[in-house]
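One letter stands for each residue in the lines below.
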Amino acid sequence: MAAKLSITDIDAQIEKLRERRKSLLAKSAERFARAATRAGLAEMEIADDEIDRIFQELALRFRKTQSNGASCTALSPRGQPDRRPGAASEVSHDG
């Protein structure tokens, strides 16, 4: 029979997980900050709401890629998916 955990043990595990979560978030933030710096975005004057919008579009693009198994989604010049008939993202590659 498994030993019962005390409330103190559970609290200690919760605290460890919180610290681990905090560390993972910090590492993720540093990773994206380095990428933004290398791309030159850190030096540009971009409003926070615009950055948020861009990252949301980027996340959506990669979520679609992962769910479809495709390599990328075609974007229009303004960063929006190209929804025109026959656009690269809608062309069948079945042969």
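Residues numbered from 1 in each chain as written. Predicted model: local features only at pLDDT ≥ 70, side-chain atom pairs only at ≥ 80, totals over all residues. Heavy atoms only, no water.

K.L.:
So what's going on with the confidence of the model for the protein? Residues and values would help.
P.N.:
Close reading of the predicted structure is inappropriate where its pLDDT is low. In the predicted model, the protein carries a mean pLDDT of 79, and the fraction of residues at 70 or more is 69%. Contacts for the low-pLDDT stretch residues 72-80, under 50 throughout, to residues beyond four places or in other chains number 20 contacts. In this model residues 82-95 is a low-confidence stretch, pLDDT under 50, and it forms 14 contacts with partners more than four residues away in sequence or in other chains. (pLDDT = per-residue confidence, 0-100. Contact = heavy atoms within 4.5 Å.)

K.L.:
Tell me about the packing of aromatic side chains, and please be specific about residues and values.
P.N.:
Per the counting criterion, the structure on display carries 1 aromatic pair. Just above the ring of Phe32 sits the side chain of Arg31; from NZ or CZ to the centre is 5.7 Å. (Phe/Tyr/Trp six-rings, centres within 6.5 Å; stacked < 30°, edge-to-face > 60°. Lys NZ or Arg CZ within 6 Å of the ring centre and 35° of its normal.)

K.L.:
Can you explain a nonpolar patch on the surface? Please cite residues and give values.
P.N.:
Residues Phe32, Phe55, Leu58 and Phe62 make up a contiguous nonpolar surface patch of roughly 360 Å² in combined accessible area. Residue contributions to the nonpolar patch peak at 3 residues, all from helix H2 (residues 48-68). (Patch = residues over 30% accessible without salt bridge, like charges linked within 9 Å, V, L, I, M, F, W, Y side chains within 5 Å. Areas by Shrake-Rupley, 256 points an atom, 1.4 Å probe, with all protein chains shown as cover. Salt bridge = Lys/Arg side-chain N within 4 Å of Asp/Glu carboxyl O. Helix = DSSP H or I, 4+ residues; strand = E, 2+ residues; numbered from the N terminus.)

K.L.:
So what's going on with the pattern of salt bridges? Which residues, and what values?
P.N.:
With the rule as written, the count across this model stands at 2 salt bridges. Close ionic contact of Glu50 with Arg53 constitutes a salt bridge, the shortest N to O distance being 2.5 Å. Here Glu50 pairs with Arg53, and both are found in helix H2, just 3 residues apart, close to one helical turn. Classification of Glu50 by relative accessible area gives partly exposed; the value is 32%. A salt bridge links Glu57 to Arg53; the shortest N-O distance between them is 2.3 Å. You can see Glu57 and its partner Arg53 sitting in helix H2, 4 residues apart, about one turn around the helix. (Buried < 20%, exposed > 50% of the residue type's maximum accessible area, 1.4 Å probe, protein only.)

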